[in-house]
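So you can see what is in the structure, the chains are spelled out below.
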Amino acid sequence: MVKIKSILKWFFIGLVLFFIYAPILFLTINSFNATDMIQSGWKGFSMEHYRYFFNFDNEPIRVVLQTIILAIVVALLSTILGTIGAIGIYYSKKRVNSTLSTVNRIPIINAEVVTAISFALFISFFGIDKNTYIPLIVGQMILCTPFVLLSVIPKLRQMDNNLYEAALDLGATPTKALFKVIIPQILPGIIAGFLLAITLSLDDYVITAYTKPDGFKTISTHIYGLSKNNLTGPTIKAAYWAFTAIIFFLIVIVVVGANVISYRKTRSKKR
């Protein structure tokens, strides 16, 4: 009975991993395929998709770079705002804390399309020009900031408040105590929120589609728009297979490297 449970457990884990990674592995393999169409089957090994992707005369690499720049800007602003908001909520009175925490959950619980349409109506009502990029950045910040705040608040609850009070008793100003005592203690939460904000920004389509300037493209809006162009669509889509493979290999390297470093640190402590 125990063996059956163990087999079923590992079978279930393997099934979950298969459904998660099989599509990625499939696209990675096809990134070296000599054809632009998956339906055509394997036509031979080729690096053409990678050459096309890294050619700055073509759209994919430019779209990816401007998407990454947008994600970094949004993540930085969201992290700053989310960290300030988390500290403010944590040190506020109980009723204010509860109210603000509930308000912060609204964009998370709300359907993204509802948030996008509401914000689009807002910028239309006030006549804000989308070509300024302000609606795009603010719209994505509305999506990302609540998640940053949720990443930072648990670290605030875990920190030792006596250190902050001790810093004030020793003559530190509240600002100096904030940067010397509180920020270092909650830094892992801030970093986690920043990385989560980058991921959300890179992945976002709905808010971006409603708020971006007409000539601006992100990865999601670009790929979606390719379905309307039957002439150049397949070639550009195939270039994104190469991008998928690159991201997959980078993530594998980072994860394996982090685990190796962690393992070596654990072994060195035991010695």
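The structure this text deals with has already been given above.
The structure contained in this document is the topic of the report that follows. Everything numeric here is computed off the predicted structure, so don't read it as measured data.

1. Quick look at the pattern of salt bridges
No. 1: Counting across every chain of the model gives 2 salt bridges.
No. 2: Across the pair Arg 51 and Glu 48 runs a salt bridge whose closest N-O atoms are separated by 3.3 Å. One end of the pair is Arg 51 and the other is Glu 48, both in helix α2 (residues 48-53) and 3 residues apart, which spans about a single turn.
No. 3: The exposure class of Glu 48 is partly exposed, given its relative accessible area of 40%.
No. 4: With its nearest N and O atoms 2.6 Å apart, the salt bridge here joins Glu 59 to Lys 217. Taken together, the residues span a long stretch of sequence, with Glu 59 in helix α3 (residues 59-90) and Lys 217 in the loop between α9 (206-211) and α10 (219-226) at a distance of 158 residues.
No. 5: The class for Glu 59 is partly exposed, based on a relative accessible area of 26%.

2. Examining helix α6 (residues 134-158)
No. 1: For α6, with 25 residues, the first-to-last C-alpha span of 35 Å sits near the 36 Å given by 1.5 Å per residue.
No. 2: At Ile 142, α6 shows its maximal kink, close to 35 degrees; a proline, Pro 146, follows between one and four residues later.

3. Points about the packing of α3 against α6
No. 1: Between α3 and α6, the least distance of the axes is 6 Å, while the angle of their chain directions is 45 degrees. With respect to their mutual orientation, α3 and α6 come out oblique. The way α3 lies across α6 gives a crossing that is right-handed.
No. 2: Here the residues of the contact of α3 with α6 sort into 18 nonpolar, 7 polar and 1 charged.

4. Some words on the nonpolar core
No. 1: By size, the foremost hydrophobic cluster in this structure holds 31 residues, and its most contacted members are Ala 86, Val 152, Leu 156, Ile 182 and Ile 186.
No. 2: Breaking this core down by element, the ones donating at least two residues are α3, α6, α7 (161-169) and α8 (174-203).
No. 3: Leaving out residues up to four positions away in the same chain, Val 152 has contacts with Thr 83, Ala 86, Ile 186, Gly 189 and Ile 190.
No. 4: Of all hydrophobic cores here, the second largest spans 11 residues; its members include Tyr 52, Phe 53, Val 64 and Phe 243.

5. Examining the environment of Trp 241
No. 1: Position of Trp 241 relative to the elements: it lies in helix α11 (residues 233-270).
No. 2: Separated by 130 residues in the primary sequence, Trp 241 and Ala 111 have C-alpha atoms spaced 29 Å apart.
No. 3: Not counting residues within four places of it along the chain, the set of residues in contact with Trp 241 comprises Leu 27, Asn 30, Ser 31, Thr 35, Asp 36, Met 37, Ile 38 and His 49.

6. Section: the environment of Met 159
No. 1: Mapped onto the elements, Met 159 comes out in the loop between α6 and α7.
No. 2: Excluding residues within four positions of it along the chain, Met 159 makes contact with Tyr 90, Tyr 91, Ile 182, Gln 185 and Ile 186.

7. With respect to the layout of surface pockets
No. 1: By volume, the largest pocket amounts to about 640 Å³.
No. 2: In this structure, the largest pocket is lined by 18 residues; those nearest its centre are Leu 202, Ile 219, Phe 243, Ile 247 and Ile 251.
No. 3: Sorting elements by how many residues they give to the lining of the largest pocket places α11 first, with 7 residues.
No. 4: Split by residue class, the lining of the largest pocket holds 14 nonpolar, 3 polar and 1 charged.
No. 5: The space that makes up the second largest pocket amounts to roughly 190 Å³.
No. 6: Lining the second largest pocket are Leu 81, Gly 85, Gly 88, Ile 89, Leu 100, Val 103, Asn 104, Pro 107, Ile 142, Thr 145, Pro 146 and Leu 149.
No. 7: Those elements that place two or more of their residues in the lining of the second largest pocket are α3, α4 (94-109) and α6.
No. 8: The residue inventory of the lining of the second largest pocket, partitioned by class, reads 8 nonpolar, 4 polar and no charged.

Reading the values: the criteria
- Residues numbered from 1 in each chain as written.
- Predicted model: local features only at pLDDT ≥ 70, side-chain atom pairs only at ≥ 80, totals over all residues.
- Heavy atoms only, no water.
- Salt bridge = Lys/Arg side-chain N within 4 Å of Asp/Glu carboxyl O.
- Helix = DSSP H or I, 4+ residues; strand = E, 2+ residues; numbered from the N terminus.
- Buried < 20%, exposed > 50% of the residue type's maximum accessible area, 1.4 Å probe, protein only.
- Expected span 1.5 Å × (residues − 1).
- Bend = angle between axes of the 7 residues up to and from the residue.
- Axes fitted to C-alpha atoms, helices over the stretch in contact; angles between N-to-C directions.
- Parallel < 35°, antiparallel > 145°, perpendicular 65-115°, else oblique.
- Left-handed = near helix turned anticlockwise from the far one by under 90°.
- Nonpolar A, V, L, I, M, F, W, Y, C, P; charged D, E, K, R; others polar.
- Core = buried A, V, L, I, M, F, W, Y, C linked by side-chain atoms within 4.5 Å.
- Contact = heavy atoms within 4.5 Å.
- 1 Å grid on protein atoms, 1.4 Å probe; cavity = no way out; pocket = protein on both sides within 12 Å on 5 of 7 lines; lining within 4 Å.
- Points joined across faces, edges and corners; volume = space filled by probe spheres on them.

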